[in-house]
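# Breakdown of the fold
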Amino acid sequence: MTLLPEERVSPRGEDGTAVEDGLVSDTAVARPRTTPVTTADKPRLQRAVATFGLAGVVILGLMAASVGFAYEQSRAAGRDEDAVVEAAAALEDQLVNSIDALGAVGGLAVDGEVSPAEFETFARALIDDGEYRVIAHEVVVDAEDRAAWEAENVPIREPADDGGELVPAGERDEYLPVIDVYPDDETTEDVLGFDLAGESSRAAATERAAEERRAVLGGPVRLAVDGSPGVLVVQPLYSLEDVQEPLLVGFVSGSLVASELVDGLDDVLPRDTAVA
């Protein structure tokens, strides 16, 4: 994030003393100065790194590359540092809340299956209450079962190498195609069959989520719905029919749009700060 604080200059007379309104003053007008992050800010930074890992650093990089803060006649010294802290805290809170909300779906597949009605009920509530644009349900399909799955559902597809249209998924041992999506309308129908294992950032998120058995934040992606920049939160689904050996049966993923995350910062930033 690029901060452009207003520059303030204290006029001085020939003898070096500060001048205010044509008068000589013994007290110099304070200049705003940049100070390092204090030790009080470090626990928040450490918690953010612990929560998001390397993916979180990438996300903050994405936001820093696309969002600038322009100050309009700011007069408070140190206002730039305050805005950075407030924006980072607000973004962190949004992401933590979104991850926690999606994590609540973890017990949906304890019997080995997730019905369309169960998925829709959860997804509708999540979108109504949170920041998510789209919620998707992915299932695990082994290579030997691909033909049968596609015959019963839709072709399994992945992004082309140039990031353009979706193409038939390449050969691999396992696929993670979208079997259900909410909202289910003309804007999302092309997401069905989209393979999370077919793109490196999404695949890495699913691997981490399965390994840690919790909802995780993936790296920056182009959302499958409309290609807009955003991030993906992924929650693994395990069947507990055999509690000694839980079986991974799929995932639920939620799409967060970068521009909408940024829009959510307006309420917490200083009044004289514009988000561009």
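Residues numbered from 1 in each chain as written. Predicted model: local features only at pLDDT ≥ 70, side-chain atom pairs only at ≥ 80, totals over all residues. Heavy atoms only, no water.

### Examining helix H5 (residues 200-212)
Defined as follows: The secondary structure listing takes helices from DSSP runs of H or I that are at least 4 residues long and strands from runs of E that are at least 2 residues long, numbered from the N terminus. The span you would expect from a helix comes to 1.5 Å times its residue count less one. Categorising residues by exposure relies on relative accessible area from a 1.4 Å probe, with only protein chains included: less than 20% of the type maximum marks a residue as buried, more than 50% marks it as exposed, and the intermediate range marks it as partly exposed. Distance and chemistry together define a polar contact, namely a pair of N or O atoms within 3.5 Å, with one atom able to donate a hydrogen and the other to accept it when in protein, and with adjacent residues in sequence counting only for side-chain atoms on both sides.
A rise of 1.5 Å per residue sets the reference length of H5, with its 13 residues, at 18 Å; its end C-alpha atoms lie 18 Å apart and thus fit the reference within 8%. Burial in H5 covers these residues: Ser201, Arg202, Ala203, Ala205, Thr206, Ala209 and Ala210. Of the residues flanking the start of H5, the one acting as N-cap is Glu199, its side-chain oxygen 3.2 Å from the backbone nitrogen of Ser201. Backbone geometry just after H5 places Arg213 at a positive phi near 55°.

### Re the pairing of strand S10 (residues 178-182)
What counts, and what does not: Between any two strands, pairing holds if DSSP finds at least two bridges.
The element S10 is extensively covered by neighbouring structure, given that 4 of its 5 residues are classed as buried. Here strand S5 (residues 134-139) pairs with S10 via 4 bridges, running antiparallel. The partner of Glu138 across the bridge, within S10, is Val178.

### With respect to the packing of aromatic side chains
As a reminder of what qualifies: Ring geometry is summarised as follows: Phe, Tyr and Trp rings, the Trp one being its six-membered ring, pair when their centres sit within 6.5 Å, and such pairs are stacked at plane angles under 30 degrees, edge-to-face over 60 and tilted between the two. Each ring is checked for a lysine NZ or an arginine CZ that lies within 6 Å of its centre and within 35 degrees of its normal; such an atom marks a charge sitting over the ring.
Summed over all chains, the structure comprises 0 aromatic pairs. Between Arg213 and the ring centre of Tyr238, over which it is positioned, the NZ or CZ distance is 4.9 Å.

### What to know about the nonpolar core
What counts is decided by this rule: Here, nonpolar core refers to any group of buried Ala, Val, Leu, Ile, Met, Phe, Trp, Tyr and Cys residues whose side-chain atoms link them within 4.5 Å. The contact criterion used is simple: two residues touch if any of their non-hydrogen atoms lie within 4.5 Å.
Membership of the largest hydrophobic core comes to 24 residues, with the highest contact counts inside it found for Leu102, Tyr132, Ile135, Val233 and Leu256. A per-element tally of this core places helix H3 (residues 116-129) first, with 5 residues. Beyond its immediate chain neighbours, meaning those up to four positions away, Leu102 contacts Phe122, Leu126, Tyr132, Ile135, Val233, Val234, Gln235, Val252, Ser253 and Gly254. Counting residues in hydrophobic clusters, the runner-up holds 16 residues, among them Val178, Leu196, Tyr238 and Phe251.

Treat this as a map of the structure, not an account of what it does.
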